[in-house]
Amino acid sequence: ILGEQKYRGKGYGAESLHLLVKHGFKKLKLHNISAKIIEYNKTSIKLFEKADFKIDAILRDCIWRYGRWWNILQYSLLENDFYNKKTATNTHIH
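Throughout what follows, the structure given in this document is the object of discussion. (Residues numbered from 1 in each chain as written. Predicted model: local features only at pLDDT ≥ 70, side-chain atom pairs only at ≥ 80, totals over all residues. Heavy atoms only, no water.)

Considering the packing of aromatic side chains
Step number 1: Taken as a whole, this structure holds 6 aromatic pairs when the rule is applied.
Step number 2: Aromatic pair F25 and F82: ring centres 5.5 Å apart, planes at 45 degrees, arrangement tilted. Of this pair, F25 sits in helix α1 (residues 12–26) while F82 sits in helix α3 (residues 79–88), placing them 57 residues apart in sequence. When sorted by exposure, F25 lands in the same class as F82, which is buried.
Step number 3: Taken together, the ring pairs connect F25, F82 and Y83 into an aromatic cluster.
Step number 4: Over the ring of W70 we find R68, and its NZ or CZ is 3.6 Å from the ring centre. (Phe/Tyr/Trp six-rings, centres within 6.5 Å; stacked < 30°, edge-to-face > 60°. Helix = DSSP H or I, 4+ residues; strand = E, 2+ residues; numbered from the N terminus. Buried < 20%, exposed > 50% of the residue type's maximum accessible area, 1.4 Å probe, protein only. Lys NZ or Arg CZ within 6 Å of the ring centre and 35° of its normal.)

Okay, here's the thing in structure tokens:
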């Protein structure tokens, strides 16, 4: 989500992802939000897993980068899972 190194590790990515997901479910009335992440992007994987996205599929040897084939991990978050997590942690959703 964020490219510049000086902004990493400050929670901006998590906050941005939360706001995007909330907007998608509340305003756009989406049922499912998904993301595809290249397996070497450990920071993004950690971010999406922390936001309760679940892995749906592994697209094996799907992209050629840095002289080799890489898997793409497909994640999703369902609307019910998003709201149930917020209810369970007593967090108010605006």
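Further notes follow.
Digging into the pattern of salt bridges
Step number 1: Scanning the entire structure with this criterion turns up 2 salt bridges.
Step number 2: In this structure, the salt-bridge partner of E39 is R68, at a minimum N-O distance of 3.9 Å. With a gap of 29 residues between them, E39 in the loop between β1 (32–38) and α2 (42–50) and R68 in strand β3 (residues 68–78) connect regions that are remote in the sequence.
Step number 3: D52 serves as the salt-bridge partner of K54, at 4.0 Å between the closest nitrogen and oxygen.
Step number 4: Classification of K54 as partly exposed rests on a relative accessible area of 46%.
Step number 5: According to the relative accessible area criterion, D52 is partly exposed, its value standing at 23%. (Salt bridge = Lys/Arg side-chain N within 4 Å of Asp/Glu carboxyl O.)

Remarks on the side chain of S76
Step number 1: Within the secondary structure, S76 sits in strand β3.
Step number 2: Among the residues examined, S76 registers a relative accessible area of 9% and is labelled buried.
Step number 3: For S76, the side chain forms a polar contact with the side chain of D56, separated by 2.5 Å.
Step number 4: In this structure, S76 is in contact with N32, I33, S34, D52, F53, K54 and D56, ignoring residues within four places of it in sequence. (Polar contact = N/O pair within 3.5 Å; in protein donor to acceptor, adjacent residues only side chain to side chain. Contact = heavy atoms within 4.5 Å.)

Geometric values such as these leave the question of function open.
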